[in-house]
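Understanding the architecture of this molecule
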Amino acid sequence: VSATDFDPYGDGTENPGQAPLAIDGDTSTAWHTTLYKKPIGESQAGVGLIVDLGKSMSVSSVKVFFEAAGAAFSVYVTDDAAPRLRQTQLLGKVRIAGKSERVAADKPLKGRYIVVWLTDLPRGNKGYQAGITQVTVPVR
């Protein structure tokens, strides 16, 4: 239904105007993290994106599409619009992502919000940055 940036350990903002581009159905558009001069883990625990499903649902998998390979991320499910990651349900994690990754759990988790939490960003010419072109959540 909607997507918002999530930067609880930084300055509180991570290109919020671009967040809807990660769920617009168009893989030629993207939400980008801020450009970091050094690996994100050296300055904060991570950054992310929150996808609001509109109501609490059973979630078995989430697919995340990136502009470039190399991110590390986790996917969480929660009913809290302003989540604390330690109090959310971990759906799964990927240590080194390709351009698309599916994260799935053995059994469905229930929640309204999906948190895509990036803990490592791909390195580019100017620094470290990730671009998420699409997040898909199959729901029943």
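Residues numbered from 1 in each chain as written. Predicted model: local features only at pLDDT ≥ 70, side-chain atom pairs only at ≥ 80, totals over all residues. Heavy atoms only, no water.

Turning to the overall build of the chain, a few remarks are in order. Summing up its helical and strand segments, the chain has 0 helices and 7 strands in all. The N-to-C order of helical and strand elements in the chain reads β-β-β-β-β-β-β. Taken against the 2.2 N^0.38 rule, which gives 14 Å for 140 residues, the C-alpha radius of gyration of the chain at 14 Å falls within 12% of a compact globule. Once local pairs closer than 6 in sequence are excluded, the contacts in the chain between residues at least 24 apart make up 73%. (Helix = DSSP H or I, 4+ residues; strand = E, 2+ residues; numbered from the N terminus. Rg over C-alpha atoms; globule rule 2.2 N^0.38 Å. Contact = heavy atoms within 4.5 Å.)

The next point concerns the nonpolar core. One finds V62, F73, I114, L118 and I132 to be the most contacted residues of the largest nonpolar core, which totals 33 residues. At the level of secondary structure, the elements contributing two or more residues to this core comprise β3 (47–66), β4 (72–78), β5 (89–94), β6 (100–120) and β7 (131–136). Ranked by residues supplied to this core, first place goes to β3 with 9 residues. F6, Y76, L85 and W117 belong to the second largest nonpolar core, which has 7 residues in total. (Core = buried A, V, L, I, M, F, W, Y, C linked by side-chain atoms within 4.5 Å. Buried < 20%, exposed > 50% of the residue type's maximum accessible area, 1.4 Å probe, protein only.)

This next bit is on the environment of E67. You can see E67 is positioned in the loop between β3 and β4. Taking C-alpha positions, E67 is 9.2 Å from T29, a pair spaced 38 residues apart along the chain. Residues within four places of E67 in sequence aside, it is in contact with A30, H32, K99, G131 and T133.

What follows concerns the packing of aromatic side chains. The full count for this structure, using the stated rule, is 3 aromatic pairs. Through a chain of ring-to-ring contacts, the aromatic side chains of F6, Y9 and W117 assemble into a single cluster. (Phe/Tyr/Trp six-rings, centres within 6.5 Å; stacked < 30°, edge-to-face > 60°.)

The next point concerns the pairing of β6. In terms of strand pairing, β3 meets β6 through 14 bridges, oriented antiparallel. Bridged to S58 within β6 is K110. Sheet analysis places β4 next to β6, joined by 7 bridges and oriented antiparallel. In the sheet register, Y76 faces β6, and the bridge partner there is V115. (Pairing = 2+ DSSP bridges.)

Glancing now at unusual backbone geometry. In the Ramachandran plot, N15 falls in the positive-phi region, its phi being about 50 degrees despite a non-glycine side chain. With respect to the element layout, N15 can be found in the loop between β1 (2–6) and β2 (31–32). N15 gets classed as partly exposed once you look at its relative accessible area, which sits at 29%.

This part covers the environment of V51. Counting through the fold element by element, V51 comes out in strand β3. On the basis of relative accessibility, which here comes to 4%, the residue V51 falls in the buried class. Remark: the alpha-carbon pair of V51 and A19, spanning 32 residues in sequence, is separated by 9.0 Å.

With that out of the way, let us pick up the pattern of salt bridges. Under the criterion given, the structure shown has 1 salt bridge. We note a salt bridge from D52 to R112, for which the minimum N-O separation is 2.7 Å. Separated by 60 residues along the polypeptide, D52 in strand β3 and R112 in strand β6 bring together distant segments of the chain. You can call D52 buried: its relative accessible area is 12%. Classification of R112 as partly exposed rests on a relative accessible area of 28%. (Salt bridge = Lys/Arg side-chain N within 4 Å of Asp/Glu carboxyl O.)

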